[in-house]
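Coordinate analysis (summary)
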Amino acid sequence: MSISMNSQSALHEVESRCTQERPPRCQSLCPLGLDARAFLGHAAEGRWSDARKQLERYLPLPGLLARICDHPCEQGCLRGDLGGAVNLHGLEIFCTEHLGVQTRSLPMPRKHKRIAVIGAGLAGLVCAWDLAGKGYPVTVFHEGEPQAHLLSCWPVLAGAGAAARDAEWEALGRRGVRFEQARTDAACLQQAAGEYDGVLLDAGALPELAPAESGMDAQILHWRDNICCAGWASVTPTGHRFASASRQAGQGRSAARTLERLVAGVSLTAARDTDERSLFTELDGIAPVERVLPVAETYSEAEARQEAGRCLQCQCLVCVKACVYLQKYKGYPRVYARQMYNNAAIVKGLHLANNLINGCALCGQCEELCPENFSMAELCLSARQDMVERGVMPPSAHEFALEDMEAASGPECALSIKGGEGGWLFFPGCQLAASRGEQVEALYAWLREALAGQGEFAPGLERGPVSLLLRCCGIPARWGGREALFAQQAQELRRQWEELGRPRIMAACSSCLAVLREVLPEARALSLWEVLDALPWPEGLPGGADRGTLLTMQDPCTARHDRAWQEAVRSLARKAGMVPEEPPQGRDRTACCGYGGLVWCAQPELADAWPVTGPKGCRMRPSAPASCAVTVWRAAASPGCICWICCRSWPRWPMVWSRKRAPAFRSGAPVVRPCAVVWPVSGWGRRLPNRPPGGWI
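Conventions we followed
- Residues numbered from 1 in each chain as written.
- Predicted model: local features only at pLDDT ≥ 70, side-chain atom pairs only at ≥ 80, totals over all residues.
- Heavy atoms only, no water.
- Pairing = 2+ DSSP bridges.
- Helix = DSSP H or I, 4+ residues; strand = E, 2+ residues; numbered from the N terminus.
- Axes fitted to C-alpha atoms, helices over the stretch in contact; angles between N-to-C directions.
- Contact = heavy atoms within 4.5 Å.
- Buried < 20%, exposed > 50% of the residue type's maximum accessible area, 1.4 Å probe, protein only.
- Core = buried A, V, L, I, M, F, W, Y, C linked by side-chain atoms within 4.5 Å.
- Polar contact = N/O pair within 3.5 Å; in protein donor to acceptor, adjacent residues only side chain to side chain.

**What to know about the sheet that holds strand E4 (residues 198-202)**
In space, the 6 strands of this open sheet follow the order E3-E2-E1-E4-E6-E5, with mixed pairing throughout. Two strands close off the open sheet at either side, each with one partner strand: strand E3 (178-181) and strand E5 (222-224). Averaged over neighbouring strand pairs, the angle between their axes works out to 30 degrees when direction is ignored. Note that E4 and strand E6 (residues 227-230) share 4 bridges and pair parallel. Across the sheet, the residue bridging to Leu 200 is Cys 228, located in E6.

**Digging into the sheet that holds strand E15 (residues 526-527)**
Within the open sheet, the 5 strands sit side by side as E9-E13-E10-E14-E15. Their pairing is mixed. Two strands bound the open sheet, and with one partner strand each, they are strand E9 (415-417) and E15. Sheet topology note: the strand E10 (residues 424-427)/strand E13 (residues 466-470) ladder contains 3 bridges and is parallel. Across the sheet, residue Trp 424 finds its bridge partner in E13, namely Val 466. Contacts from helix H21 (residues 437-450) reach E9, E10, E13 and strand E14 (504-507), with the element oriented near 160 degrees to E13.

**Structural notes on helix H4 (residues 48-58)**
One full turn of an α-helix is made of 3.6 residues, so residues set three or four places apart face in the same direction. Trp 48, Ala 51, Arg 52, Gln 54, Leu 55, Glu 56 and Tyr 58 are the residues of H4 that are buried. On its buried face, H4 sits against helix H2 (25-29), helix H3 (36-44), helix H5 (62-68), helix H6 (88-98), helix H11 (245-264) and helix H12 (301-308).

**Brief notes about unusual backbone geometry**
Non-glycine residue Leu 61 carries a positive phi angle of around 45 degrees. Turning to its location among the elements, Leu 61 is positioned in the loop between H4 and H5. According to the relative accessible area criterion, Leu 61 is buried, its value standing at 1%. The backbone phi angle of Leu 317 is positive, close to 50 degrees, even though this residue is not glycine. For Leu 317, the location among the structural elements is in the loop between H12 and helix H13 (318-322).

**Thoughts on the nonpolar core**
Buried together is how nonpolar side chains tend to be arranged in soluble globular proteins. Among the nonpolar cores identified, the biggest contains 111 residues, and Tyr 325, Met 340, Met 376, Leu 379 and Phe 426 are the most heavily contacted of them. Considering every element that reaches this core, the biggest residue donor is helix H18 (residues 376-390), with 7 residues. Judged by nonpolar contacts, the second largest core, of 78 residues, contains Ala 36, Phe 39, Val 117 and Ala 171.

**A word on the side chain of Arg 79**
Along the chain, Arg 79 turns up in the loop between H5 and H6. A distance of 2.8 Å separates the side chain of Arg 79 from the backbone oxygen of Arg 310, its partner in a polar contact. When residues no more than four places from it in sequence are discounted, the contact partners of Arg 79 are Gly 84, Ala 85, Val 86, Ile 286, Ala 287, Pro 288, Val 289, Arg 310 and Leu 312.

What follows is the structure, given as structure tokens:
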């Protein structure tokens, strides 16, 4: 699917699927949005001043709330099953008691709109704190002592939290909040609504005046006219009512935002954050660490730092960890999406994201790993197509590969042999035919013999004549973003297929197979390996002393969803006497080899940097089979390689890299000839000679 590169809405839709900039679960669960990750990061390093500043940035009445908060953030902590949630509540208490106020409130110009708060509950005090900090004159109406309701709900504020309570009360006064004793009844509410520009009714302090919470918009909290309501008591499933400090404070802040919009005469709903999705964090390989409990009533500094150090500092980056391309540009998909859209918006000047766009191998592993299925392949391919359409794609990026494609389908290289009417068409692909011509010839001869005759040799598979078509499938044109050229290649491919009698296609290359299934759906293309697995095992195979060797299976990226392909390759390995082994990143999550997407042409140094089997720590045995050519070539450069068909050992191959990034034999060097029986893995490097200069040994 193509993505529009000149639409802001398309940009927002694409980048919203990257979770990296979303808040971690602890922050998502906090009604006040405290960035606990940053707070714990400062605390773990002993930077308590910065940690306190984080609390003051997000929390109203920070010293008071640190004491009474019911810390819902800990319920979502990913450390919960890995030693216990981080004790954020205890660390907040230590931080607020260890240090005084670290930030200085800037003087704000006084606004003309006046706000009244009816009831001195926590929601009302938080609303007063926020609006007074923005310059609004706020008056809190209450009965009796102004702190009476807080003390009745949270008795700790009369004991250990008394100092914090008094300090925050003084801070309210410095912000200009006035407290006025009055009879807080319906008449008081009605009078305040007439005299003030905005009114908040604290439902926790005055439940008899408040409407039912079920009838309110939980995000807006607008009741009627210029009145908002917040601070309802929470109710358990058994009907018990209790005061949740975090919930009431969060409602007070939401009501303050609504009142500010209400008195300004703007929309109450526009641009209110409604995305509740949180950051995805991979937990594989993270060891449990037990929770640090304070020896005394509160933490010491050493204990606090140790406990804060248990924080995982949640990040997503699951795709970045697995991909050298994403690592190279020091960012993540959301950032890359913005850079590509900015690149497309440039009319004149430097297109700084060209290398970023042309560096993706289009393997699709990131989409499989991402919990939101963000596809860098889709994004980069759309950007390439856009650059080609606008004529700003640098010719040097893919010129060699496209010329190579044209040559592979031209009269010097292409070959079409009609074996008969209908039947089968063997399509080895240009790379395999060029690098392993003798094997292709031997395999074609064997297929003609094995498929001769009539009738089924497996369910749905009929015997018949076998034709041969040697040419490129045209995938380099698509990888280069040249859809018009790809369509021409597809049209020529269809013409040749029809001239051969419209046979059913078997393809050795997974990229070719994907193209053939797209442009020739009626050809019912399937992989060569499925056909070979369905045919009787050739006499005399397998043999050798390496039977029973474990083989790590590296599937090609274009076959990551082709279950039949994967099972056929594993079945053939078992028939050869080998034991297939699955890598940590296999099948649908298979790692990239670095060849796809024309990266070998546009950025060869990046193609070389791709590990054979994926991310660090996930290495494949040198004897591993693959239908992905690059893996085979690189694995063959390691000693002790094994031909996974005949189980004969290969000594180390002396190889160098040509301009095309394909292996080329050193002149005169002895080379072990791969088994010429049948069933080669797909190769690459069209200019690689079938017979090395030094001869076979």
